[in-house]
Amino acid sequence: MKSIAIIGAGIAGIEAASRLSKQGHKVYLIEKNPEIGGHVAQWDRLFPSQEEAEIVLNDLIKNLNNRAEVLFNSEVQHCGKKDRQFEIILTGNKNLLVDVILVTTGFDTFRAQRKEEYGYGIYENVITSTDLEQMFKKHNVVCKNGNPPKRLAFVHCVGSRDEKVGNRHCSKVCCATAVKQACEIKELYPDCEVFNLYMDLRMFDRHFEDMYHEAQSKYYVNFIRGRLSEAGENKDHQVVLKTEDTLAGKPLKLTVDLLVLMTGMEACDTQKTLNTKLGLRSDTDGFLSTKDVFTQNNFSNTDGVFFAGTCTGPKTIPETLADARAAASLVNAYLMS
Amino acid sequence: MINFGYKRNESATLDLDVDNSELYKKLLKEEPSAATCISCGTCASTCSTGQFTDFNLRKIMLLCKRGDTQSLEPIINRCMLCGKCQFACPKGLNTRHIVLILNKHLHAGKIS
């Protein structure tokens, strides 16, 4: 029986684990946290269908059907080639000997504090998109003073397409998330005025344009093209925004009760520590460099080490799952040869 | 008083903290398709009037949305209602109706 270590039990890790274990392989699913599900477990509802994240995640876990050995609270301490296999030492000195390593370490959410001019952690009514999802989950979307927001703005591209913070790349999912969250706010508080400050609206995938259309036609969300230069706070703890309405060619001032920063995806720290251990390379954007961008996107440059999910760049949930299935099928073929 | 040659300019900032949305609300009520404009500028590029004047329907709709209605008043009646923009609009907005509504409210029915 061949064995595989999957590093990271987010949705990519879970999906690959369930496929590979179904094919009769021994699968170790290594997770640094006490729970599986990764970022999706933090989310309330998903674009574009508004399906509950919990339902999607439970379906994936159900598919896994306890066939893989999940190792919680485990981090890779040491990892190296031993003959034709890999030896992995985890926290707590647990030792694994596997034939294949599948890296599914995913991404880290951009830490909004690094964009100091937006006031996260300084002004009490500045939150991130992840914070808002937690509020949706708890059915408690309110300002710091406990009142529902009458005016709310989303700032797209926080930590993305911003060379000042070292990220030139687009995080892909934040535009659709911002439009989804804008609609959810209007659903919850129909009288709340909602503004989306964007640079481009990247509504690239299926049904995304429908969401955008609905945000305009049904919810009257205000889209303003312009990047937020600075946020300030007034004496009522509202957030004062200054931007340019680049379509009108005029500076614009706007005061809101709650400001939501659409924090993007960054290469994750866990992955960076794996790089040296496994001889992997990061690309210019920090995410893992694949053997070939078009034809070998799940292959690393190290024989026996494969990739799946957002460790090779920002992806939507369907893209991540498709990538995990592709990786699983390639790993299976590799083990059979 | 001595004139030193100084003057105070009006602020050019769009101040969204001042509620000036009355005209836009009327427009949406009479022509809901106005909400779905994506500011692509197809209307403005096809516009005959726009070739010779600063009439720009994309910008007019945007400024109306932002509550800057003052600047619309002198230009809205330059449209000849030829309807080319309506053929061109990828979102299918009823642009002629939009111009007529804005004209009606800005000029109280006078279409010159």
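Computed from a predicted model, the values in this text were never measured in an experiment.

Student: What is the right way to read the overall build of chain B from this model?
Tutor: When helices and strands are tallied, chain B shows six helices and one strand. When the helices and strands of chain B are read in sequence order from the N terminus, they spell out β-α-α-α-α-α-α. Along the three orthogonal principal directions, the C-alpha set of chain B runs to about 55 × 30 × 30 Å. Counting every position in chain B, which comprises 112 residues, the buried fraction comes to 44%. Partitioning the contacts of chain B with sequence separation of at least 6, the portion at a separation of at least 24 is 64%. Of the roughly 6,900 Å² that chain B leaves accessible, carbon and sulfur atoms contribute 53%. Put simply, chain B has 15 plus and 10 minus side-chain charges, and the middle of one group is 7 Å from the middle of the other.

Student: When you look at the overall build of chain A in this model, what are you seeing that I'm missing?
Tutor: From N to C terminus, chain A includes seven helices and 20 strands. Taking 20 Å as the expected radius of gyration for a compact globule of 337 residues, we find that chain A reaches 21 Å, a close match to that expectation. Its C-alpha atoms give chain A principal-axis dimensions of roughly 65 × 40 × 35 Å. Taking all 337 residues of chain A together, the buried fraction comes to 55%. Long-range contacts, defined as pairs at least 24 residues apart, comprise 65% of the intrachain contacts of chain A with a sequence gap of at least 6. Carbon and sulfur atoms make up 47% of the accessible area of chain A, which totals about 15,100 Å².

Student: It is not clear to me how the interface of chain A and chain B should be interpreted in this structure. Could you clarify?
Tutor: How big an interface is tends to be stated in terms of accessible area lost as the parts join. The interface of chain A with chain B comprises 18 residues on the first partner and 19 residues on the second. Among the salt bridges present, the one from Lys250 of chain A reaches Asp68 of chain B, with a minimum N-O distance of 2.8 Å. One can count 13 residue pairs in polar contact (both at pLDDT 80 or more) joining chain A with chain B. With six residues, strand S17 (residues 250-256) of chain A is the largest single contributor of residues to the side of chain A that touches chain B. Along the lines of polarity and charge, the residues of the side of chain A that touches chain B split into ten nonpolar, four polar and four charged. Where S17 of chain A lies against strand S1 (residues 14-15) of chain B, two bridges are found, and the strand directions are parallel. The partner of Leu252 of chain A across the bridge, within S1 of chain B, is Leu14 of chain B.

Student: Is there a simple way to think about the sheet that holds strand S12 (residues 151-158) of chain A in this case?
Tutor: Note: strands within a sheet are paired through backbone hydrogen bonds, in either parallel or antiparallel orientation. Residues and elements named next belong to chain A. The parallel open sheet is built from five strands, whose spatial order is S11-S18-S12-S13-S14. Strand pairing shows two members of the sheet lacking a second neighbour, strand S11 (126-128) and strand S14 (222-225), which therefore form its edges. Strand-to-strand twist across the sheet, computed as the mean angle between neighbouring axes with direction ignored, equals 25°. Summarising the sheet, S11 and strand S18 (residues 258-263) pair through three bridges and their orientation is parallel.

Student: Explain the pattern of salt bridges to me, please; I cannot follow it from the model alone.
Tutor: Any two side chains of opposite charge can pair if their charged atoms end up close together. This structure, assessed with the given rule, holds 28 salt bridges over all chains. The closest approach of N and O atoms between Asp17 of chain B and Arg151 of chain A, which form a salt bridge, is 3.0 Å. Of the two residues, Asp17 of chain B is situated in the loop between S1 and helix H1 (22-30) and Arg151 of chain A in strand S12; the pairing between them involves two chains. A relative accessible area of 31% places Asp17 of chain B in the partly exposed class. Of the charged contacts in the structure, one is a salt bridge between Lys272 of chain A and Asp269 of chain A, with a shortest N-O distance of 3.7 Å. Pair noted here: Lys272 of chain A and Asp269 of chain A are both in helix H6 (residues 269-278), with a separation of three residues, about one helical turn.

Student: Sorry, what's going on with the sheet that holds strand S8 (residues 95-98) of chain A here?
Tutor: Residue and element names in this part refer to chain A. Here three strands make up an open sheet; going across it, the order is S6-S7-S8 and the pairing antiparallel. Here the strands that pair on one side only, and so sit at the sheet edges, are strand S6 (76-82) and S8. Ignoring which end each strand starts from, the neighbouring axes of this sheet average 20° apart. When strand S7 (residues 85-90) meets S8, the two strands line up antiparallel, connected through four bridges. Among the inter-strand pairings, Ile88 is bridged to a residue of S8, identified as Leu96. Sitting on the sheet, H6 touches S6 and S7, and the angle it makes with S6 is about 30°.

Student: How do you make sense of H6 of chain A when you look at a structure like this?
Tutor: Residue and element names in this part refer to chain A. Listed as buried for H6 are Gln271, Leu274, Asn275 and Leu278. Viewed end-on, H6 has its buried residues packed into an arc of 120°, placing them on one side of the element. Summarising the contacts, the buried residues of H6 are in contact with strand S1 (3-7), S6, S7, strand S9 (100-103), strand S19 (265-267) and strand S20 (305-307). Just past H6, the residue Gly279 takes up positive phi, approximately 70°.

Basis of the calculations
Sequence order as written defines the numbering, with residues in each chain counted from 1. Here chains are named by letter from A upward and ligands by number from 1 upward, in the order in which they appear as written. With pLDDT at 70 or above as the cut-off, local features in this predicted model cover only qualifying residues; side-chain atom pairs require 80 or more to be listed or tallied, and sums for whole chains, interfaces and linings still use all residues. Calculation of side-chain values draws on the structure's entire complement of heavy atoms; hydrogens and water are dropped beforehand. Each helix corresponds to a stretch of at least 4 residues labelled H or I by DSSP, and each strand to a stretch of at least 2 residues labelled E; elements are numbered beginning at the N terminus. Exposure categories follow from relative accessible area, calculated using a 1.4 Å probe and restricted to protein chains: below 20% of the type maximum is buried, above 50% is exposed, and the middle band is partly exposed. Only heavy atoms matter for contacts: two residues are in contact if any of them lie within 4.5 Å across the pair. Working definition of accessibility: Shrake-Rupley area with a 1.4 Å probe, residue cover restricted to the visible protein chains. Note on charges: Lys and Arg go in the positive column, Asp and Glu in the negative column, and His and the chain ends are not counted at all. Positions of charges follow a simple convention, taking NZ of Lys, CZ of Arg, CG of Asp or CD of Glu. Taken over C-alpha atoms, the radius of gyration is set against a globule rule of 2.2 Å times the number of residues to the power 0.38. We define a salt bridge as a contact between a side-chain nitrogen of Lys or Arg and a carboxyl oxygen of Asp or Glu at a distance within 4 Å. What qualifies as a polar contact is a pair of N or O atoms within 3.5 Å, subject to a donor-acceptor requirement within protein and to the restriction that residues adjacent in sequence count only when both atoms come from side chains. When residue character is reported, Ala, Val, Leu, Ile, Met, Phe, Trp, Tyr, Cys and Pro are called nonpolar, Asp, Glu, Lys and Arg charged, and the others, Gly included, polar. By the convention used here, strands pair only if DSSP detects at least 2 bridges between them. Geometry is summarised by axes, namely lines fitted to C-alpha atoms with helices restricted to the contacting stretch, and by angles between N-to-C directions that run from 0 to 180 degrees. The directions considered for the arc run from the helix axis to the C-beta atoms.

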